[in-house]
Amino acid sequence: MIPRSSEPTAAEASAWADVLVRRRLLHAAVLTPTGQWLLQDQPEGPVRVLSGPADVVALAATIQYRTRSTRFESR
């Protein structure tokens, strides 16, 4: 993995959150006024709190890695 040259921005985190929700990999992702993110995997599931954009981008990378790993294992 190539190291980042800068910290993730709120706009980047928002874009990733939108993709994760649209692809139904998350049920909901909401940015709070404090800059934290509230995430829910399933409609009735617990709400997780992420501290900022870097955590959202890291979560997106983890989900993407898991998705790709699972896809390759099923071949």
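Heads up: the structure comes first, above all this text.
On a predicted model such as this, the values are computed, not experimentally measured, just so you know.

**Brief notes about unusual backbone geometry**
Although it is not a glycine, Arg-24 adopts a positive phi angle of roughly 60°. Its place among the elements puts Arg-24 in the loop between α1 (10-22) and β1 (28-31). The class for Arg-24 is exposed, based on a relative accessible area of 76%.

**Quick word on the sheet that holds β1**
The antiparallel open sheet is built from 3 strands, whose spatial order is β1-β2-β3. Of all strands in the sheet, those bounded by a partner on one side alone are β1 and β3 (47-50). Strand-to-strand twist of the sheet, defined as the mean angle between neighbouring strand axes without regard to direction, takes the value 20°. Across 4 bridges, strand β2 (residues 37-40) lies against β3 in antiparallel orientation. Bridge assignment links Leu-38 to a residue of β3, and that residue is Val-49. Lying on the sheet, α1 is in contact with β1 and β2; it crosses β2 at an angle near 15°.

**Structural notes on the environment of Val-19**
Note on placement: Val-19 falls in helix α1. The exposure class assigned to Val-19 is partly exposed, which follows from its relative accessible area of 28%. In this structure, the C-alpha to C-alpha distance between Val-19 and Ala-60, residues 41 residues apart in sequence, is 9.1 Å.

**Considerations on the nonpolar core**
The nonpolar side chains of a soluble globular protein tend to be buried, and buried together. Formed by Ala-13, Ala-17, Leu-20, Leu-26, Trp-37, Leu-39, Leu-50, Val-56, Leu-59, Ala-60 and Ile-63, the largest nonpolar core amounts to 11 residues. Every element with two or more residues in this core is listed here: α1, β2 and α2 (53-73).

**Things to note about the pattern of salt bridges**
Here the structure, examined in full by the defined rule, presents 2 salt bridges. Taking the shortest distance from any N to any O, the salt bridge between Arg-22 and Asp-18 comes out at 3.0 Å. With Arg-22 and Asp-18 both in helix α1, this residue pair falls 4 residues apart, about one helical turn. Note on Arg-22: relative accessible area 58%, which makes it exposed. Taking relative accessible area as the criterion, Asp-18 reaches 40% and is therefore assigned partly exposed. In this structure, Arg-48 and Asp-41 form a salt bridge, with 2.9 Å as the shortest nitrogen-oxygen distance. For Arg-48, a relative accessible area of 33% puts it in the partly exposed group.

How each quantity is defined
- Residues numbered from 1 in each chain as written.
- Predicted model: local features only at pLDDT ≥ 70, side-chain atom pairs only at ≥ 80, totals over all residues.
- Heavy atoms only, no water.
- Helix = DSSP H or I, 4+ residues; strand = E, 2+ residues; numbered from the N terminus.
- Buried < 20%, exposed > 50% of the residue type's maximum accessible area, 1.4 Å probe, protein only.
- Pairing = 2+ DSSP bridges.
- Axes fitted to C-alpha atoms, helices over the stretch in contact; angles between N-to-C directions.
- Contact = heavy atoms within 4.5 Å.
- Core = buried A, V, L, I, M, F, W, Y, C linked by side-chain atoms within 4.5 Å.
- Salt bridge = Lys/Arg side-chain N within 4 Å of Asp/Glu carboxyl O.

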